[in-house]
There are 2 protein chains.
Amino acid sequence: MTATLNPTRTIAELKELRALTGDENGAQRVAWTDTWARARAWMREKLAELPVEVETDEAGNVWATLRGASERALLIGGHIDSVPNGGWLDGCLNVLAGLEVLRRIATEGTPPVTVRLVDWADEEGARFGRSLFGSSAFSGNLEPEELAELRDRAGTSLPDALAAHGVDLRQAKLAGRQAAGAAAYLELHIEQGPVLEGLGLPLGVVIGTFGVERHAITFTGQAAHAGSTPMDRRRDAFAAAAKLGLEIRAIARRHGGVCTVGSCVTKPGIVTAVVGECTITLDQRHMEAAALAAMLREAQEASARFAEEEGCGVAWEPIWKIRPIPFHPELIALGEAAIREVCGSAHRLPSGPLHDAAEVARAGIPTVMLFVQSLRGISHNRIEDTLEEHLALSVQALDRLASATIDWICSRPQFAARGPTAPRASG
Amino acid sequence: MTATLNPTRTIAELKELRALTGDENGAQRVAWTDTWARARAWMREKLAELPVEVETDEAGNVWATLRGASERALLIGGHIDSVPNGGWLDGCLNVLAGLEVLRRIATEGTPPVTVRLVDWADEEGARFGRSLFGSSAFSGNLEPEELAELRDRAGTSLPDALAAHGVDLRQAKLAGRQAAGAAAYLELHIEQGPVLEGLGLPLGVVIGTFGVERHAITFTGQAAHAGSTPMDRRRDAFAAAAKLGLEIRAIARRHGGVCTVGSCVTKPGIVTAVVGECTITLDQRHMEAAALAAMLREAQEASARFAEEEGCGVAWEPIWKIRPIPFHPELIALGEAAIREVCGSAHRLPSGPLHDAAEVARAGIPTVMLFVQSLRGISHNRIEDTLEEHLALSVQALDRLASATIDWICSRPQFAARGPTAPRASG
């Protein structure tokens, strides 16, 4: 154990942040709001006690840089923003765990590589519907013109909201310059699912983020009078949708992925009429691209079969998709080892939700995440919680992983080729 | 065949009414509107050529009375009001077919019983959501205080809209006085379903109106992240609802009734979340009270079973119910015989939709309906249609049935006990 690492302090700081930026309904640190700015100002006060340079990039990401012997950099990232009425850990756990790791490293003098803590701007996309804002600007996957027209519920445009926080949307992609020297990226996050709790494990290492296929599927039958239309004369769009809603579960199990019908809308949608049109959403996720494609194909085939059985038409409309993003195999092994050191046993699992880590990995930077157990698997809700003993273990595991990753960066051929540069004055 | 009955005239008058009160979107004779009043004024012009007394009762029903040798009365009824963008036949077919029958009877001198044509007010309930207004005032099943607060989309209250057409809601139930002397009620209507078309038959006799059980059923599971929640850890409310939506079809077939899920609402209803709460509506109909009760019980049992399978709760909330209303067996036989005379073969079928006839039957007046084939079973739509040859047959069948029913009234013990009264002057 490192003498100066103090996970108890991290838990105290999480509670301090909760008191400062939450209310009886949960966390209120929605990006591009005053409460979010207050959280970040509070974070800057914490960072001011460390020998780090703090800057905000063109996308609004805040970087705290502890200069090392080399400009090659270890990045540790999280997001202090939350959804409205959110939980006390989602995102900010890693900002504060990273702060504690940075403190520990700083007390030991100049590290062999540069260490940077990043607070990504607007991971949640809660106000404008565009998640991963800051990290996708960093990775180059943000298209400013697509976002320029977005408005929040009050009618405020995204560019205006950003400008109020000093961010010019048109310049946001210049944040990509922060990737210079980045050699590895680490992110600790609550699981937001029930897997680790089900296994009785505090921590797991994340092998990557699921590929996602998201579609709206519309079955078109014939609206008809519920009283005058015999059962065998119906073209019931809801029946076709119901069959597909059940079939996708078998498809998911067959391939080891997840499939979800999250929304069902019926038209005319009145008690006295057979459903003439039924639109459901389908979200499919898998860690393997081939398996994801197979799940999609099987769902499409099943929808055509059920449409025919019910005398309906069926049409698919794509909503969104992303390929699976695997994390770095050597960092996964390091993450697993760090967890084993701290709590005996580890588990490898994919991430269902996307995270900033996925964008960093898409930028070609070796990446891995650690998950800490979520109680009841619940997140994006004020009852989101994790045992304090597990939070403490997670800070320790991140710290171990940071040390191992610094060693790993130093051992890499790119590093050896360049050689460490002269140490700079820090602070 | 009766020499003076002219079904071709009825078809011409239906087209005349369509031209007067419809537009490119269909019929616009919504009750308590100017267009409806125009339709009724047009009808009064037609009636003015006959030796009948015309009066409007306290519920806005218009009665045309051809005095007979007895005050015992044969009633023939329909409704000239339509839904917005409605069809050209729904309701007004019988008003105009009844007009033609009245003409034929009137040309033959004073009938042995009084014959009355009634145009019920606001059968559709399209503006205020309360159907069968005039006929339920007549039958005593209207509760004025329950309607006093109803408003249309523009915010106009039902009492104000009625007052603009000379109807005082508080007095509406005095329309029940019109039942004095009523000995039988006949109503011809388009089927609004696909049964007769499927059988290749122009006409059928209606055995009664279905009993209806209408409920909202809410399954409560757990909203959860679509990416992070493994399939075997879900409590998916949509899955439970989908199972019930399919099971009610087996229940309906087992009992020979109809069951419909007309609406499905999902919460949170977003593409990225397992459905935490799903509410569906269930409409069940059957001609037999015991079978209807069994269908309800089996659906309730199935919902509990599916809820348990999916780890959900389930709650039922009643929306509306009505018992089956059987029509009069002797009048059903007369209706069947009239159809056979006119077109060779007949079919007995229940009515899925309610009609004014159901209210008249509830008032204890012997009642029967005739259905004429609807093309594609479609109604409440501008494409609602019936072959003109079938319309002509339907007017003939109603006429035959009217004659047979007059004979039947004269043969009944009540009639013999009272004896015919002296003929009155008509016109």
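Bear in mind the structure is a predicted one, so any value in this text is a computation, not a measurement.

Caption draft 1: Seen up close, the domain arrangement of chain A. Residues and elements named next belong to chain A. Looking at chain A, the domain boundaries give domain 1 (7–209 + 325–415) and domain 2 (211–322). Once you take the C-alpha centre of each, domain 1 and domain 2 turn out to be 36 Å apart. Listed per partner, the contact involves 10 residues of domain 1 and five residues of domain 2. Surface buried jointly by domain 1 and domain 2 totals about 510 Å² across both partners, of which 75% is contributed by carbon and sulfur atoms. The largest per-residue losses of area from domain 1 upon contact with domain 2 belong to T209, G352 and L354, which jointly make up 56% of the total buried on that side. For the interface between domain 1 and domain 2, the tally reads one residue pair in polar contact (both at pLDDT 80 or more). With three residues, the top contributor of residues to the side of domain 1 that touches domain 2 is strand β8 (residues 203–209).

Caption draft 2: Geometry of the side chain of B:D122. All names here are of chain B. Looking at where D122 falls in the secondary structure, it is placed in the loop between β6 (113–119) and α4 (133–139). A distance of 2.8 Å separates a polar atom in the side chain of D122 from a polar atom in the side chain of W32. A polar contact of 2.9 Å, which involves the side chain of D122, links it to the backbone nitrogen of G125. Excluding its chain neighbours within four sequence positions, the residues that come into contact with D122 are A31, W32, W36, D81, R130, S131, L132 and F133.

Caption draft 3: Molecular detail of the packing of helix α8 (residues 237–255) of chain A against helix α9 (residues 289–309) of chain A. Residue and element names in this part refer to chain A. Direction vectors running N to C along α8 and α9 enclose 155°, while the axes themselves pass 9 Å from each other. In terms of their interaxial angle, α8 and α9 are classed as roughly antiparallel. Seen along the crossing, α8 lies across α9 with a hand that is right-handed. Here A240, K243, L244, E247, I251, A252, R254 and H255 of α8 lie close against α9, whose contacting residues are A291, A294, M295, E298, A299, A302, S303, R305, F306 and E309. Tallied by class, the residues present in the contact of α8 with α9 amount to 10 nonpolar, two polar and six charged.

Caption draft 4: Structural view of the relation of the copies chain B and chain A. With an RMSD of 0.1 Å, the operation that places chain B on chain A is a rotation of 180° combined with a shift of 0.1 Å along the axis. When the rotation and shift are considered jointly, the pair of chain copies conforms to a two-fold rotation axis. Taking C-alpha positions as reference, the residue of chain B nearest the rotation axis is B:A242, located at 2.3 Å. A symmetric contact is evident, with 100% of the interface residues of chain B recurring at the interface of chain A.

Caption draft 5: The interface of chain B and chain A, seen in detail. Residue-level contacts link 55 residues of chain B with 55 residues of chain A. When residues of chain B are sorted by the area they lose upon contact with chain A, B:M231, B:F238 and B:V271 head the list and together hold 16% of the total. On the surface where chain B and chain A come into contact, there are two salt bridges. The residue A:E310 makes a salt bridge to B:R249 at a minimum N-O spacing of 2.8 Å. Where chain B packs against chain A, one counts 12 residue pairs in polar contact (both at pLDDT 80 or more). Going through the elements one at a time, α7 (195–199), α8 (237–255), β11 (258–267), β12 (273–274) and β13 (277–286) of chain B are the ones with two or more residues in the side of chain B that touches chain A. When residues in the side of chain B that touches chain A are grouped by element, the largest group, 10 residues, is from α8(B). Residue classes in the side of chain B that touches chain A are distributed as 26 nonpolar, 18 polar and 11 charged.

Reading guide: rules and limits
- Residues numbered from 1 in each chain as written.
- Chains lettered and ligands numbered in written order.
- Predicted model: local features only at pLDDT ≥ 70, side-chain atom pairs only at ≥ 80, totals over all residues.
- Heavy atoms only, no water.
- Domains from an automatic or database assignment.
- Contact = heavy atoms within 4.5 Å.
- Buried area = accessible area lost by both parts, 1.4 Å probe.
- Polar contact = N/O pair within 3.5 Å; in protein donor to acceptor, adjacent residues only side chain to side chain.
- Helix = DSSP H or I, 4+ residues; strand = E, 2+ residues; numbered from the N terminus.
- Axes fitted to C-alpha atoms, helices over the stretch in contact; angles between N-to-C directions.
- Parallel < 35°, antiparallel > 145°, perpendicular 65-115°, else oblique.
- Left-handed = near helix turned anticlockwise from the far one by under 90°.
- Nonpolar A, V, L, I, M, F, W, Y, C, P; charged D, E, K, R; others polar.
- Least-squares fit on C-alpha atoms with pLDDT ≥ 70 in both.
- Salt bridge = Lys/Arg side-chain N within 4 Å of Asp/Glu carboxyl O.

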